[in-house]
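So the chains spell out like this:
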Amino acid sequence: MLYGKSFFLVGIGGSGMMPLAMILAGRGATVAGSDRSLDQASLPAKFDALRALGIALFPQDGSGIVSGEQIVVASAAIESTVTDIVAAKAVGAKRMGRAELLAELFNAAPLSIGVAGTSGKSTVTGMIGYILHTLGRDPTVMNGAVMKDFAGPDRPFASALVGQGDAFVSEVDESDGSIAFYDPQVAVLNNVSLDHKSLDELRALFGGFAARAGRVVVNVGDAEAAALAATIAADKRTTFAVEGDADLVARALDLDAFASRFELVIGGEVHAVRLAVPGRHNVANALAAIGAAIATGVPVADAVRAIAGFSGLKRRFELVGQAGGVSVIDDFGHNPDKIAATIATLRSQPGRLLLLFQPHGYGPLKVMRRELVAMFAERLAADDLLVLPDPVYRGGTVAREVTSADIVADLTARGAPARHIADRADAVASLLEQARAGDRIVVMGARDDTLSELAAGMVARLA
């Protein structure tokens, strides 16, 4: 059994690695790891939290890999020239990919619930986990974001929940193709849109994921997901839609700045649903979570009652603070659909938008260039301001065919209020100079934990 072995996680502080480390340690495995951020003395609280779980941390210099009995785990982003990987080869340690290990743990669970989709995976995963936990099912949950309901002074980075029940709930990633490793008993397919791969590649990956599942909960309000739903046998699928035609339908939406209400229509019954998270997209996420919970045997009324207490995830439309009449919101938006959903939610209330969008790499910019430009050009008002610093860069050889400057040039040509300010600190200073009472500043981007610190620092400077 894998939980009885010794693991060394390279890049242990990453959003996918850290919860995996928590689950392994919580189930009795010996866990150690290294991270570039640790070597740079960045985000010390994160590494203190890992040490508190009994996880040994080492510099990323190969010193923690000393035995062929260790299993060395690395994500696809870790290059073969990294010293830890060289050390693993030297001692004959077994190598596993992060997704490969997670999938093995997931597939071995008595009840595996996999959440897929270009947008909303982390939120739906958190919602399902919260419903099952609230109802006493004691699930294990693997998330890419911190679940606020499970966080506390002793667990500030609760991106995983280690339970003793039969359910293992996990988001699954299409960006590196690892979704192909998972064989879920219950699969959720939220939506399909451009992010890291072409639509043809995404259709194949999501289609295979659905085909391997025992039951598929699928959003037929999304055109691409609906097309995939049509290929799934009717007795194997549960459909949902916001104001559409499906097994679970949300109607009579009542949305405000930080909450949502709607009527759930299912099987001829109507249930009043309250959510402590805002936006039409979160109504769809709630339908996905309720549908998945029902697929595990949870009564509808119990799922509806439980989900009302879900308070959301860190960096998902998170109000960091207010000062001088300006609100600062931290958000994971990084692809056209996610950013559009956040802007649509913000538009439910008055106020100018000052957006800081840090792209999460040069590759995604190349893939999404046309769609990003079209979305921003359509959604930005004349008195808004969008500022793009250069993309986050983690080292290695990277093709820089499309840059932040290119995106801003495209937007400027279409008359959109956008600026490229290469240095992030300068970009922040520019936005703060512009801010006035009634504005909402939104920090957007993925794969960079320092963005949360940045947002908190903006509140402090405004004050």
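The preceding data block contains the structure.
One structure accompanies this document, and this report is about it. (Residues numbered from 1 in each chain as written. Predicted model: local features only at pLDDT ≥ 70, side-chain atom pairs only at ≥ 80, totals over all residues. Heavy atoms only, no water.)

With respect to the overall build of the protein
Then step 1. Counting its regular elements, the protein contains 15 helices and 21 strands.
Then step 2. For the C-alpha atoms alone, the extent of the protein along its principal axes is close to 60 × 55 × 45 Å.
Then step 3. Burial analysis of the protein (463 residues in total) assigns 56% to the buried set.
Then step 4. Here the protein has roughly 17,800 Å² of accessible surface; of this, 51% comes from carbon and sulfur atoms.
Then step 5. The average position of the 43 basic charges and that of the 51 acidic charges among the side chains of the protein differ by 0 Å. (Helix = DSSP H or I, 4+ residues; strand = E, 2+ residues; numbered from the N terminus. Buried < 20%, exposed > 50% of the residue type's maximum accessible area, 1.4 Å probe, protein only. Areas by Shrake-Rupley, 256 points an atom, 1.4 Å probe, with all protein chains shown as cover. Lys, Arg positive; Asp, Glu negative; His and termini not counted. Charge placed at Lys NZ, Arg CZ, Asp CG, Glu CD.)

Let's talk about the nonpolar core
Then step 1. Residues F7, L9, I12, L24, L101 and F168 are the most contacted members of the largest nonpolar core, which totals 52 residues.
Then step 2. For this core, the element with the most residues is helix 1 (residues 17–26), which contributes 7 residues.
Then step 3. Counting residues in each nonpolar core, the second largest holds 47 residues, with L111, I128, V188 and V298 among its members. (Core = buried A, V, L, I, M, F, W, Y, C linked by side-chain atoms within 4.5 Å.)

Comments concerning the packing of aromatic side chains
The description of an aromatic ring pair uses the distance of the two centres, along with the angle that the planes make with each other.
Then step 1. If you walk through the whole model with that rule in mind, you get 7 aromatic pairs.
Then step 2. Here the aromatic rings of F106 and Y182 are separated by 5.4 Å at their centres, their planes lie at 75°, and the arrangement is edge-to-face. Taken together, the residues F106 in helix 5 (residues 98–107) and Y182 in the loop between strand 9 (167–171) and strand 10 (186–189) connect sequence positions 76 residues apart. Y182 shares its class with F106; the two are buried.
Then step 3. Sitting over the face of the ring of F332, R316 holds its NZ or CZ atom 3.9 Å from the ring centroid. (Phe/Tyr/Trp six-rings, centres within 6.5 Å; stacked < 30°, edge-to-face > 60°. Lys NZ or Arg CZ within 6 Å of the ring centre and 35° of its normal.)

Observations regarding the side chain of Q358
Then step 1. In this fold, Q358 is placed in strand 18 (residues 353–358).
Then step 2. A residue is classified by how much of its surface remains accessible, and Q358, at 4% relative accessible area, is buried.
Then step 3. Within polar-contact distance, the side chain of Q358 engages the side chain of R424 at 3.2 Å.
Then step 4. A distance of 2.8 Å separates polar atoms of two side chains, one belonging to Q358 and the other to D448.
Then step 5. Contact partners of Q358, with chain neighbours within four places excluded, come to P389, D390, V392, R424, M444, G445, A446, D448 and L451. (Polar contact = N/O pair within 3.5 Å; in protein donor to acceptor, adjacent residues only side chain to side chain. Contact = heavy atoms within 4.5 Å.)

As for the pairing of strand 1 (residues 6–10)
Then step 1. Here strand 1 lies mainly inside the structure; 4 of its 5 residues are buried.
Then step 2. Looking at chain direction, strand 1 and strand 2 (residues 30–34) are connected through 5 bridges and run parallel. Bridge assignment links F7 to a residue of strand 2, and that residue is V31.
Then step 3. Crossover connection from strand 1 via helix 1 to parallel strand 2: handedness right-handed. (Pairing = 2+ DSSP bridges. Right-handed = clockwise from strand over helix to strand, strands pointing away.)

Section: the pattern of salt bridges
Then step 1. The final tally for this structure, using the stated rule, is 16 salt bridges.
Then step 2. Between D439 and R352 there is a salt bridge; the shortest N-O distance is 2.7 Å. A residue pair is termed long-range when its members are at least 10 positions apart, and D439 in the loop between helix 14 (424–434) and strand 21 (440–445) and R352 in the loop between helix 11 (336–346) and strand 18 qualify at 87 residues.
Then step 3. With relative accessibility at 2%, the residue D439 sits in the buried group.
Then step 4. We classify R352 as buried; its relative accessible area is 10%.
Then step 5. Across the pair D448 and R424 runs a salt bridge whose closest N-O atoms are separated by 3.1 Å. Separated by 24 residues along the polypeptide, D448 in the loop between strand 21 and helix 15 (450–462) and R424 in helix 14 bring together distant segments of the chain.
Then step 6. When its relative accessible area of 7% is taken as the criterion, D448 is described as buried.
Then step 7. For R424, a relative accessible area of 22% puts it in the partly exposed group. (Salt bridge = Lys/Arg side-chain N within 4 Å of Asp/Glu carboxyl O.)

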